[in-house]
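Here is what each chain is made of, one letter per residue.
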Amino acid sequence: MKSIVLLGSTGSIGTNTLRIVERFPRRFRVAGLAAGRNLSLLIRQAKTFRPRVVSVEREADAVKVRRALAGLKIEVLAGSQGAESVAARDDSDIVVSAITGVHGLRPTLAAVRAGKTVALANKESMVVAGPLLRKEAARSGAVFIPVDSEHSGVFQCLAKESRDAVRKVILTASGGPFWRTPLAELKNKTPEEALRHPRWKMGRKVTIDSATLMNKGLELIEARWLFGLDPDELDVLIHPQSVVHALVEMRDGSVLAQLSVTDMRIPILYALSYPERGEAVLPSLDLARVGPLEFHPAEEKRFPLLGLARRALAAGGSWPVALNAANEVAVRAFLEGRIRFGDIAGLVRRTLDGHSRTDCRAIGDILEADREARARAFEKLKLMQR
Ligand SMILES: NC(=O)c1ccc[n+]([C@@H]2O[C@H](COP(=O)([O-])OP(=O)(O)OC[C@H]3O[C@@H](n4cnc5c(N)ncnc54)[C@H](OP(=O)(O)O)[C@@H]3O)[C@@H](O)[C@H]2O)c1
């Protein structure tokens, strides 16, 4: 029986993880849950899965949750410290890190420092703190198992391969809802249109990142640190069918691929079960019915954020931190109707243009670079709204 801590339990990855736990009650149990502000769902989850501890974003909400869970012997914590404490608990075997955005960093770091096996969905923490997380994992013995489908695919392809046998890792991208949209129509796409992803059902932020391809840019940086790859060993292809999740080109010219149906429960089950294989929760992939599989280059003219992400990947240091912060501000502004779809990349670019690189070795450096970039992004946002 594996005991699981789930950070971000009320989100898309969180609820899919709990569907798997529910399906295999003899293999998995829930030790702790952390959520943000969706109290009604968190309370329902706590009553169903009976963890020892839960955490919410705000202290005022913790009071309400304590009242709702009175008599169930469930400790209720709050704030980042609450999530960090849930993440570092002694009684868990695996921590699923699925809080969205940079808010996931501190709890993920707490899990790593406690030497946990971390099933990593929160790519932003690896983007902003890859070197730090790797260093802390080497010290504590923590292990990362990727949950992102592309990285899960790479992880599976590399399982029996030595690092120096790898020539290139290619992450696939569906291309999102606008891959075929004429360029002139792109800038005025609405949040409703951008949230209509053709293949994946995900949280709002990652869905917008998929429409701009920033998601793939963040994933390139995530892959750099997860697998210890150089920037020129990483590439992206558009693959609209989203059946092949990753391709790994080997030194001898062989290309390994990982395929599955398009459903996050597959990489989540893999991460929870690793190093074993769980029992399938979905029908098999039927390639005869899927039809032709296409692969196309990802053009930076259409997806300028991918170009900016590559720039940040190459520059390193505080660049990925600034990229991520500016993108979080821009996506939020777009979802709130304050800027147009076509302005997301412009806002990120203007923020990065004023960025001077610093080293980000400690958590304090990372949070400072994040704060500075956010402040600059808000300034640029104000100018754009005039
Ligand atoms: N969804 C996917 O298929 C997918 C695939 C690959 C990777 N990912 C990555 O996985 C992560 C989660 O994605 P998602 O789609 O599951 O996002 P989501 O549906 O938006 O869920 C986000 C979760 O984070 C919680 N949260 C947000 N801010 C918080 C805070 N300050 N403190 C504590 N909890 C907080 C939310 O709580 P409340 O809802 O209670 O406020 C929710 O449980 C992201 O990094 C994403 O890039 C997702």
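Residues numbered from 1 in each chain as written. Predicted model: local features only at pLDDT ≥ 70, side-chain atom pairs only at ≥ 80, totals over all residues. Heavy atoms only, no water.

Trainee: Teacher, can you tell me more about the domain arrangement of the chain here?
Mentor: For the chain, the domain assignment lists domain 1 (2-146), domain 2 (149-263 + 295-300) and domain 3 (316-386). When each unit is reduced to the centre of its C-alpha atoms, the spacing between domain 1 and domain 2 is 26 Å. Contacts between domain 1 and domain 2 engage 13 residues on the former and 17 residues on the latter. Regarding the contact of domain 1 and domain 2, the summed buried area is about 1,300 Å², with carbon and sulfur atoms giving 68% of it. Contact with domain 2 buries surface across domain 1, with Lys123, Val127 and Pro146 losing the most and accounting together for 45% of the total. Where domain 1 packs against domain 2, one counts two salt bridges. Of the charged contacts, one joins Glu124 and Lys205 as a salt bridge, the two residues approaching to 3.0 Å between their closest N and O atoms. Run the count over domain 1 and domain 2 and you get four residue pairs in polar contact (both at pLDDT 80 or more). Contributions of two or more residues to the side of domain 1 that touches domain 2 are made by α6 (123-140) and β7 (143-146). In terms of residues, the side of domain 1 that touches domain 2 owes the most to one element, α6, which gives seven residues. Split into classes, the residues belonging to the side of domain 1 that touches domain 2 amount to seven nonpolar, three polar and three charged. (Domains from an automatic or database assignment. Contact = heavy atoms within 4.5 Å. Buried area = accessible area lost by both parts, 1.4 Å probe. Salt bridge = Lys/Arg side-chain N within 4 Å of Asp/Glu carboxyl O. Polar contact = N/O pair within 3.5 Å; in protein donor to acceptor, adjacent residues only side chain to side chain. Helix = DSSP H or I, 4+ residues; strand = E, 2+ residues; numbered from the N terminus. Nonpolar A, V, L, I, M, F, W, Y, C, P; charged D, E, K, R; others polar.)

Trainee: Is there a simple way to explain empty space enclosed by the protein in this structure?
Mentor: Empty space among the atoms becomes visible once a probe the size of a water molecule is rolled across them. A complete count under the given rule lists two cavities of 30 Å³ or more for this structure. Computed from the structure, the largest cavity encloses a volume of approximately 50 Å³. Lining the largest cavity we find Glu150, Thr172, Ala173, Ser174, Trp200, His239, Ser242, Val244 and His245. Of all the secondary structure elements, the ones that give two or more residues to the lining of the largest cavity are β8 (166-173) and β10 (244-250). (1 Å grid on protein atoms, 1.4 Å probe; cavity = no way out; pocket = protein on both sides within 12 Å on 5 of 7 lines; lining within 4 Å. Points joined across faces, edges and corners; volume = space filled by probe spheres on them.)

Trainee: I keep staring at the site of the ligand and nothing clicks. Help me out?
Mentor: Taken together, 24 residues form the shell around the ligand, and within it Thr10, Arg37, Glu124, Asp148 and Gly203 come nearest. Measuring from an oxygen atom of the ligand, one finds a backbone N or O atom of Arg37 at 2.8 Å. Asn38 is positioned such that a nitrogen or oxygen atom in its backbone is 2.9 Å from an oxygen atom of the ligand. For the ligand, the protein covers 86% of the area, taking 900 Å² as the surface of the free molecule. Among the elements of the structure, α1 (12-23) and α6 are those that each provide at least two residues to the shell around the ligand. When the residues that make up the shell around the ligand are grouped by side-chain class, the tally is eight nonpolar, eleven polar and five charged. Shared between two domains, the shell around the ligand takes at least three residues from each, and those domains are domain 1 (2-146) and domain 2 (149-263 + 295-300). (Near = heavy atom within 4 Å. Areas by Shrake-Rupley, 256 points an atom, 1.4 Å probe, with all protein chains shown as cover.)

Trainee: Please clarify how the packing of helix α4 (residues 79-87) against helix α5 (residues 105-113) should be interpreted in this entry.
Mentor: The geometry of a pair of packed helices is captured by two quantities: the angle between their axes and the separation between those axes. Interaxial distance between α4 and α5 falls to 8 Å at its minimum, and their mutual angle equals 30°. Here α4 is positioned roughly parallel relative to α5, judged by the angle of their axes. Crossing angle aside, the handedness with which α4 passes α5 is right-handed. Of α5, the residues touching α4 (which contributes Ser80, Ala83, Glu84 and Ala87) are Arg106, Pro107, Ala110 and Ala111. Considering only residue class, the contact of α4 with α5 consists of five nonpolar, one polar and two charged. (Axes fitted to C-alpha atoms, helices over the stretch in contact; angles between N-to-C directions. Parallel < 35°, antiparallel > 145°, perpendicular 65-115°, else oblique. Left-handed = near helix turned anticlockwise from the far one by under 90°.)

Trainee: Even after reading the chapter, I still don't get the pattern of salt bridges, so can you show me in this structure?
Mentor: Opposite charge on two side chains allows them to pair when their charged atoms are near. Per the counting criterion, the structure on display carries 31 salt bridges. Lys216 is the partner of Glu150 in a salt bridge, and the nearest nitrogen-oxygen pair spans 2.8 Å. Residue Glu150 is found in helix α7 (residues 149-158), and its partner Lys216 is found in helix α11 (residues 214-227); the two are separated by 66 residues along the sequence. Of the charged contacts, one joins Asp209 and Lys205 as a salt bridge, the two residues approaching to 2.7 Å between their closest N and O atoms. With Asp209 and Lys205 both in helix α10 (residues 204-212), this residue pair falls four residues apart, about one helical turn. According to the relative accessible area criterion, Lys205 is buried, its value standing at 14%. What you see here is one network of salt bridges that share partners, running through Lys123, Asp148, Glu150, Lys216 and Glu219. (Buried < 20%, exposed > 50% of the residue type's maximum accessible area, 1.4 Å probe, protein only.)

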